[in-house]
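# Fold and contact review
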Amino acid sequence: DTMVQEVAYESMMVARRQEIHRMIGESLETALADQGDAAAGILAYHFSRSDDREKAVRYLEKAAAQAQSGYANSTAMHHLTDLLTMLGDSDEIWQKRYGILNSRQRILGVMGKQDEREADLTVMLELAEAHQYDDGQAETLNGFADLYQWTGRYDEAIKTAKAALMLHELANNQAGQALAQHILGVVYYYRGEYDLAQPALEKAIAIRRKTRDQAGESWSRLYQYMIHLVKGNYSEASDINEGALWKAQALKDWMLIGIHLNNGGRIALRLGEYEKALEFFAESSKTRVKIGDRTGLSFTLYGQAMTHYSLNRLDDAEAALQESITIRRQINDERGLSSSLAGLGMVALERGDLKTAEDGLTQARDLHDKLSLKGEMIIDLSYL
């Protein structure tokens, strides 16, 4: 009898709390009506704890979109996860679940949480296949190809991007085709296959220009810049990067702004303009911290480290490399980790610490070999 009373009391308390949250939410709706979507966060908080499921879903969707557009990644993740929990796994709302998972996997990609991202993509593909959603299958394959690219699974990335490209061509989906071509260009770039990377990127750029996808075009031009940088064509690389930075600033695309600032630092580093490089990297770091781009931040830290190394500021170089390594281990970025380990080896070699240098460079070589990054492997071997 006591247990029954306790359960009944708890049920009453839950119902009462839900009623209070609904009443607060309704009051705030009226009071904050002139604020539009800016009030979505507080309204989502109360209605998601009330008995008004319809308003809870509506405001959680708005709050998630607002947080995502402002790069408040953790907040957006929280709202999207609450949405999935509230909606359940009913087959009737599979399209809504697919859309929420798609938003969440993109954020996970920015945060560098590739394992969690892969889990969401797997559910998306299952939903698309179960409901014969061809566009969804192609879209999800592009997501997987991008995931494989970031985690150094290049053979899988190429195979999956080609499969996505074929499906997008059948559906005449130009945005999907452009993304698949872009991913192929990126993978070929990292493998040092520039004769394959360049035409893939050019196809992506042509489609994105035709469809007026300025942000997408900037992403593809970014890798054209990187090809010029690797080849030592600094003038061409600088021209591309300056134009892309201007466009990103006009669009207020903070992700791309951070990338192009970082690239400005890379060009300055190659030209021996070290203080200018550090200024670029500092601005890039601020931007990347602002939007929670941990993958990008690890790249910028590496650039800072190599600049300090060039200035013989070995303690500063080592500190930046260790911070980069910490992030790259957390986000499972083996490609970036290999570069930072090589950097530590170079710092140790400059100090005359041959054992530490050999350990770092050997680890880097083994990772580069695993990832089939032959150009980087040659550099490791030269230092060894």
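Residues numbered from 1 in each chain as written. Predicted model: local features only at pLDDT ≥ 70, side-chain atom pairs only at ≥ 80, totals over all residues. Heavy atoms only, no water.

### Structural notes on the packing of aromatic side chains
The relation between two aromatic rings is expressed through the spacing of the ring centres and the mutual angle of the planes. Heads up, the rule is: Pairing of aromatic rings covers Phe, Tyr and Trp, the last counted by its six-membered ring, and requires centre-to-centre distances within 6.5 Å; plane angles under 30 degrees mean stacked, over 60 mean edge-to-face, and any other angle means tilted. Here the term buried applies to any residue with accessible area under 20% of the maximum for its type, exposed to any over 50%, and partly exposed to those in between, with areas from a 1.4 Å probe on protein chains only.
Counted under the stated rule, the structure contains seven aromatic pairs. Geometrically, the ring pair formed by Tyr189 and Tyr190 is edge-to-face, given 4.9 Å between the ring centres and 65° between the ring planes. Tyr190 sits in the buried class, given a relative accessible area of 11%. Among the residues examined, Tyr189 registers a relative accessible area of 7% and is labelled buried.

### Comments concerning helix H15 (residues 294–310)
What counts here: By definition, any uninterrupted DSSP run of H or I lasting at least four residues is a helix, any uninterrupted run of E lasting at least two residues is a strand, and each is numbered from the N terminus. A helix is expected to span 1.5 Å for every residue after the first.
Compared with an ideal rise of 1.5 Å per residue, which puts 17 residues at 24 Å, H15 spans 24 Å between its outermost C-alpha atoms and is within 8% of the ideal. Burial runs high along H15: 13 of the 17 residues are buried. Taken from the residues just after H15, Asn312 is the one with a positive phi, measuring 65°.

### Comments concerning the nonpolar core
Rules: Nine residue types can take part in a nonpolar core, namely buried Ala, Val, Leu, Ile, Met, Phe, Trp, Tyr and Cys, and a core is a set of them joined through side-chain atoms within 4.5 Å. Residue contacts are defined here by distance: any two heavy atoms, one from each residue, within 4.5 Å place the two residues in contact.
One finds Leu184, Tyr189, Tyr190, Tyr223, Tyr225 and Met226 to be the most contacted residues of the largest nonpolar core, which totals 71 residues. Considering every element that reaches this core, the biggest residue donor is helix H9 (residues 174–190), with eight residues. Sequence-distant contacts of Met226, that is, excluding residues within four places in its chain, are made with Tyr189, Tyr190 and Arg266. Listed in part, the 21 residues of the second largest apolar core include Ala268, Tyr309, Ala342 and Leu344.

### Some words on the packing of helix H12 (residues 234–251) against helix H13 (residues 254–270)
So the rule is basically this: Angles run from 0 to 180 degrees between N-to-C directions of axes, and those axes are lines fitted to C-alpha atoms, restricted for helices to the stretch in contact. Every angle not falling under 35 degrees, over 145, or within 65 to 115 is termed oblique; those three ranges are roughly parallel, roughly antiparallel and roughly perpendicular. A crossing counts as left-handed when the near helix is turned anticlockwise from the far one by less than a right angle, and as right-handed when that turn is clockwise. Polar here means any residue other than Ala, Val, Leu, Ile, Met, Phe, Trp, Tyr, Cys and Pro, which are nonpolar, and Asp, Glu, Lys and Arg, which are charged; Gly is therefore polar.
In contact at an axis separation of 9 Å, H12 and H13 are set at 155° when each is read in the N-to-C sense. Taken together, the axes of H12 and H13 are roughly antiparallel relative to one another. The hand of the H12/H13 crossing is left-handed. Of the residues in H13, those touching H12 at Tyr234, Ala237, Ser238, Asn241, Ala244, Leu245, Ala248 and Gln249 are Leu256, Ile257, His260, Leu261, Asn263, Gly264, Ile267 and Arg270. When grouped by side-chain class, the residues that make up the contact of H12 with H13 number nine nonpolar, six polar and one charged.

### Overview of the environment of Ser238
Positionally, Ser238 belongs in helix H12. Judged by relative accessible area, which is 19%, Ser238 ranks as buried.

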